[in-house]
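Listed here are the chains, written in short residue letters.
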Amino acid sequence: MGAALEIRNLHVSVENQPILKGVNLIVKQGEIHALMGPNGSGKSTLANTLMGHPAYEITAGQIIFDGVDLMDLETDERSRMGLFMAFQYPVVIPGVTVANFLRNAINARMKAENPDSKGIPIPAFRKLMIDKMNMLEMDTSFAGRYLNDGFSGGEKKRAEILQMAVLEPRIAIMDETDSGLDIDALRIVAEGAEKLTDSLDMGVLIITHYQRILNHIKPQFVHIMLDGQIVESGGPNLALHLEEHGYDWLREKQNGNGSVS
Amino acid sequence: MATRRRVAREFQAPPLSRADVEALSERHHEPDWLRQARLAAWDQYESMPMPTTNDEPWRRTDYRHINWDSAGVLLAANGGTYEDIPAANRQPLLGEVQGGMLAFVDDRLVHREVDKKLADRGVIFTDLRTAAAKYPELAQKHLMTHAVTPETGKFAALNAALWTHGVFLYVPRGQSVTLPAHSIFYTTRPGATLGHILVVLEDGAQIDYLHENLSPTLDSDSSFVGVTELIIGDGANLRFVNLQDWGHHVYEFSHQRARVGRDGQLDWITGQMGGRLVKAFMEIDLDGQGSWGRMSAVYFPDGKQFMDLDTQQNHNAPHTTSDLLFKGVLKDQSRSVWQGMIKALPGAQKTDGFQANRTMIMSSEARADSIPGLEIKADDVRCTHASATGQIDDELVFYLMTRGLPREEAEKLVVDGFFVPVLDRIPFENVRDRLMAYVERKLLGQA
Ligand SMILES: Nc1ncnc2c1ncn2[C@@H]1O[C@H](COP(=O)(O)OP(=O)(O)OP(=O)(O)O)[C@@H](O)[C@H]1O
Ligand SMILES: [Mg+2]
């Protein structure tokens, strides 16, 4: 049985300002979910909260991953359990090369499992990197560059997926990985993500504003977030509907509901 | 460990005397000129008050807590050997070959080797006392006469009077040496040592040189009063790396100054890791037209360490270029001060001076001060500075942690990356690795 990520009635505040107002969502391994919603509705807040970002305070609710309450776990422990987030805005880490960083990340996993582990041997690591970079059609010179330093928008997004490919998570959150990618890059990244989904039986939560990435990775479920809540869930057609009609009909529906209850 | 209650004190001088100067010179049968120079320096020393926090360069550096009862007693060697120095520090700098190695334990020379390739080119790499006896003209010409002079300050005068051991590195005219020179001052016990480094590159000479100051943790206060003089002739080129990893309880007071001749080049990198309190003056004089000088530092105090690095870039001739990049990381209750001055003399036209001090603070109790300064008397110059102090960036640490790195390792990567621009300037790979290891010890070895 695969693991599941369960978000129950999640309330989150930033600087005492409520942002998420009762989110419920279950993502299981092997499932592909899309999360859509207007700017500022709280999608990245949800993603960052799942990873344990210190700025986001959980005021109510629970996050359960593989039966474990994540509240008690540090960010790095969540990662080593198999949770991954591709950042909407990846940060620049000056002076640290992609290769050095990824080797450290792999070794951290091996050491957590076995404190005596010597880490991954260099030749094995080199092969792993080359394989994954080939899959994502990345130039291998990236390995020697400082992480995200001077990367173009698209290169940053590709580097995020490279990390996902190397770390092989069970559940991955991809926060607007499609924005900033040109058409070819989008196809490569999306196909890479799809391959990983199949081969790893990975569960994915794709945060996006656009239908186009969903043409490559087809979601079974589409959710819509409005003002800190998931207000609508449905199948792939929901995304197509949004593309055509925008969010207004949902807002109206919300307001209508509000006045009734 | 005996801790004694300390009452508020004056800025006291160490309990040293003219008789100590005479005895030291006598014991080593030093030549008369040297003995006279020492005694003159002693008079100079006695004519100056101890610096206090009322003196501008010392304003932030309060050393009153030093216990001169132990730190002011001249340390005499008692049988320490080369093997007492940690093996990592004794490794050759490039591959298998040691270009030159000069090692001192306490105040005594314990090891000297100079590769034939250096000797054949007339390179002199020996202890300063031997140099004073064997090459008196050279030593007399350069020793505390035009880089650091006894008048420079109280501790400069003290070193001139009482230096206990030293290095003399001399590269003759036009000789370009590829094998590096390496020297170590290693202290094994509490007390006072006064080390001196004198490097002379004649016109067109070239060499790389690493000097290290080290000690294990000492169990009571100790002092190191140091002078470093780098004399770089016309068209000469020196890459100088200076690492400091004193144990706890060591107070360093040092004056370091370079003079660079016409079209000469100096690339000077320092790593400051240890010590209880460090007050180091570092100064580059670009004396010759077209000369170039670069000063870089990584420093990383933790615990209650205090480091005050006082730099000066003097443009004394036209078309001179200086560049300074200092990077510091602070932990715990540590403190750092950097005060940097760029000076351009009248007539030093077309000079280009730059300085930047960047610090990263890892605790709410640590504090870093940056005091840049410009004193420009020429009108056609470009002199700029940039400084930045900030906490370690939580977003970077979070990002790395989302990839499974525990917090300490994430912080270590961020710190390593922060230091990389300076570390990349160190020409010896194993020295870079060693510095990284010091950083790791600082980050993970929280007491
Ligand atoms: N670290 C933060 N500090 C302050 N406010 C924040 C922070 N993170 C999120 N917010 C606020 O929370 C709200 C939700 O932001 P969030 O980034 O989650 O939106 P989003 O749905 O991801 O939007 P977008 O589609 O533009 O990426 C916004 O009003 C935002 O300003
Ligand atoms: Mg967002």
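Numbering of residues starts from 1 in every chain and runs along the sequence as written. Each chain gets a letter, beginning with A, and each ligand a number, beginning with 1, in the order they are written. Given that the model is predicted, a residue must reach a pLDDT of at least 70 before its local features are reported, and side-chain atom pairs must reach 80 or more before they are shown or counted; all residues, however, enter totals for whole chains, interfaces and linings. In computing side-chain values, all of the structure's heavy atoms are included and hydrogens and water are not.

Moving on, we come to the sheet that holds strand β6 (residues 83–86) of chain A. Residue and element names in this part refer to chain A. Read from one edge to the other, the open sheet built from 6 strands follows the order β6-β7-β8-β3-β9-β10, with strand pairing classed as mixed. In the strand order of this sheet, the two ends are held by β6 and β10 (229–234), each with one partner. Averaged over neighbouring strand pairs, the angle between their axes works out to 20° when direction is ignored. When DSSP finds at least two bridges between two strands, those strands are taken to pair. Put simply, DSSP marks the helices as runs of H or I at least four residues long and the strands as runs of E at least two long, and each gets a number from the N terminus on. Relative to strand β9 (residues 221–226), strand β3 (residues 32–36) is paired through 4 bridges, and the arrangement is parallel. For A34, the partnering residue across the bridge sits in β9 and is V222. Sheet strands in contact with helix α1 (residues 43–51) are β3, β6, β7 (171–175), β8 (203–207) and β9, and its direction is about 145° off that of β6. Between the N-to-C directions of two axes lies an angle of 0 to 180 degrees, each axis being a line fitted to C-alpha atoms and, for a helix, fitted only over the stretch in contact. Throughout, a residue-residue contact means that at least one pair of heavy atoms, one from each residue, lies within 4.5 Å.

Residues and elements named next belong to chain B. Each domain span listed reflects an automatic or database assignment of domains. According to the domain assignment, chain B contains domain 1 (18–299) and domain 2 (396–447). Between the C-alpha centres of domain 1 and domain 2 the distance comes to 29 Å. Between domain 1 and domain 2, the contact holds 24 residues from the first and 15 residues from the second. A simple way to read buried area is as the amount of 1.4 Å-probe accessible surface that goes missing from two parts once joined, with both sides added. Summed over both partners, the interface of domain 1 with domain 2 comes to about 1700 Å²; 66% of that surface belongs to carbon and sulfur atoms. For domain 1, the biggest contributors to the area lost against domain 2 are L243, M273 and V298; these three give 31% of the whole. What counts as a salt bridge is simple: a side-chain nitrogen of Lys or Arg found within 4 Å of a carboxyl oxygen of Asp or Glu. At the junction of domain 1 and domain 2, the tally comes to 2 salt bridges. For the salt bridge of E212 with R434, the shortest nitrogen-to-oxygen distance reads 2.6 Å.

Let us now look at the coordination of the magnesium ion (ligand 2). All names here are of chain A. Here the coordinating atoms are restricted to nitrogen, oxygen and sulfur within 2.8 Å of the metal centre, or 3.2 Å for Na, K and Ca, and because water is not among them the sites may look incomplete. Distances from the magnesium ion (ligand 2) to its protein donors, S44 (OG) and Q88 (OE1), fall at 2.0 to 2.1 Å. Taken together, the residues S44 in helix α1 and Q88 in the loop between β6 and α3 (98–113) connect sequence positions 44 residues apart. Burial status follows relative accessibility: with a 1.4 Å probe on protein chains alone, a residue under 20% of its type maximum counts as buried, one over 50% as exposed, and anything between as partly exposed. A relative accessible area of 14% places Q88 in the buried class.

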